[in-house]
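# Structure at a glance
Single-letter residue listing:
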Amino acid sequence: MRLIGFIHILFIAALSQQVMSQQALSQQVMRAPAVIASIKPVHSLVAGVMAGVGTPELLVTGAASEHDTALRPSQAKSLQQADLIFWVGPQLENFLVRPLAGLAPSVGQIALSDSAGVRLLPVRDADTLQAPSDAPDLPKDMHIWLDPDNAAAMVRAIAETLQARDPANAAAYAKNAAALEVRLRASEHLISARLAVSPMPPYMVFHDAYQYFETRFGLRPAAIISLDPEHPPGARRVQALRSRVTDAGVVCVFAEPQFAPRLIHTLIEGTSARAATLDPLGAELPEGSDMYFALLDQMVNALTGCKAENQG
């Protein structure tokens, strides 16, 4: 009897060990890849596709600029340990070019500006708001996420990349991506309806970050203060912009949280225009899958607020 009992105990122990091994193997198979996203809007879309499976890491946080930032040692280490890195591309996040070039070939680097279905627009002239017709191979505007159609194309590319890297969770990625596309279409229709209520009064933006949003929803600024936000305009251009504020009847001059607002106050001083804020990155919004939609809503609120002030 003792022998039988001992054999029974060994059997139970072996069975328990087998179950634990199977659970460990299952967890290993289902583990989400280590994913990094460069900026908040990209991170939001990636987080939406990964919902319920894993959480991506965000590189550019707070009010830091996507154009010029510095990686901390801990972030550089995270890049080296990542499975996948999603970014817009070298024309936007130039700070990532050298760090990414030094990573192992096994680290997937996905420039979402290259995604199928993403519509790229050429950089505009700050005065004419047109792309120069005599310039071959025009550089492209990389603020692609502000067109919900582009965001939908990015979501598809994110899902396809994750499915290929993590086939065990492919169904979850596909389901999340489909839900995101439905939400993006609904958001686009709602924005169109809100902006169509009354004409947008003349406005001026700090730098040309909004072309995709404006093109999608039929808007056009009276002027762009600077094409390169890292280099403020000189005295002659500032004077020309002040004249433009008055001549065009500009109602709102939009600053951005990533840059000092002193120039905005210089432009509107002594005029009837007021300062407001447009934020293409959502600096003060909490990160996560809802952030992208909150960003669009925040932009519409700023623009319609400018309308309301003008009508009042």
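These lines cover the structure that appears in this document, whether it is placed above or below.

Here helix α6 (residues 170-195) spans 37 Å end to end across 26 residues, near enough to the 38 Å set by a 1.5 Å rise per residue. For α6, the full list of buried residues reads Tyr-173, Asn-176, Ala-177, Leu-180, Glu-181, Leu-184, Ser-187, Glu-188, Ile-191 and Leu-195.

Val-42, Phe-86, Trp-145, Leu-162, Phe-213 and Phe-254 are the most contacted members of the largest nonpolar core, which totals 78 residues. The leading source of residues in this core is helix α10 (residues 291-311), at 10 residues. Once residues lying within four places of it in the same chain are set aside, the contact partners of Leu-162 are Pro-33, Val-35, Val-49, Met-50, Leu-84, Phe-86 and Tyr-173. If you look at the next biggest cluster of nonpolar residues, it comprises 17 residues, including Ala-223, Ile-225, Leu-263 and Leu-267.

The next point concerns the sheet that holds strand β7 (residues 203-207). Strands sit in the order β8-β7-β9-β10 across an open sheet of 4 strands; the sheet is parallel. Edge positions in the open sheet fall to β8 (223-226) and β10 (274-277), since each of these has one partner strand only. Strand-to-strand twist across the sheet, computed as the mean angle between neighbouring axes with direction ignored, equals 30°. Sheet analysis places strand β9 (residues 252-255) next to β10, joined by 4 bridges and oriented parallel. Looking across to β10, one finds that Val-253 is bridged to Ala-275. Helix-sheet contacts for helix α8 (residues 235-247) involve β7, β8 and β9, and the interaxial angle to β8 is about 155°.

Another aspect to go through is the state of the cysteines. This model, assessed by the stated rule, comprises 1 disulfide. A disulfide bridge connects Cys-252 with Cys-306, and the sulfur atoms are separated by 2.2 Å. On the sign convention where negative is left-handed, the bridge of Cys-252 and Cys-306, at about 120° about the S-S bond, is right-handed. In this pair, Cys-252 is assigned in strand β9 and Cys-306 in helix α10, connecting sequence segments 54 residues apart. The class for Cys-252 is buried, based on a relative accessible area of 0%.

Criteria and cut-off values
- Residues numbered from 1 in each chain as written.
- Predicted model: local features only at pLDDT ≥ 70, side-chain atom pairs only at ≥ 80, totals over all residues.
- Heavy atoms only, no water.
- Helix = DSSP H or I, 4+ residues; strand = E, 2+ residues; numbered from the N terminus.
- Expected span 1.5 Å × (residues − 1).
- Buried < 20%, exposed > 50% of the residue type's maximum accessible area, 1.4 Å probe, protein only.
- Core = buried A, V, L, I, M, F, W, Y, C linked by side-chain atoms within 4.5 Å.
- Contact = heavy atoms within 4.5 Å.
- Pairing = 2+ DSSP bridges.
- Axes fitted to C-alpha atoms, helices over the stretch in contact; angles between N-to-C directions.
- Disulfide = S-S within 2.5 Å.

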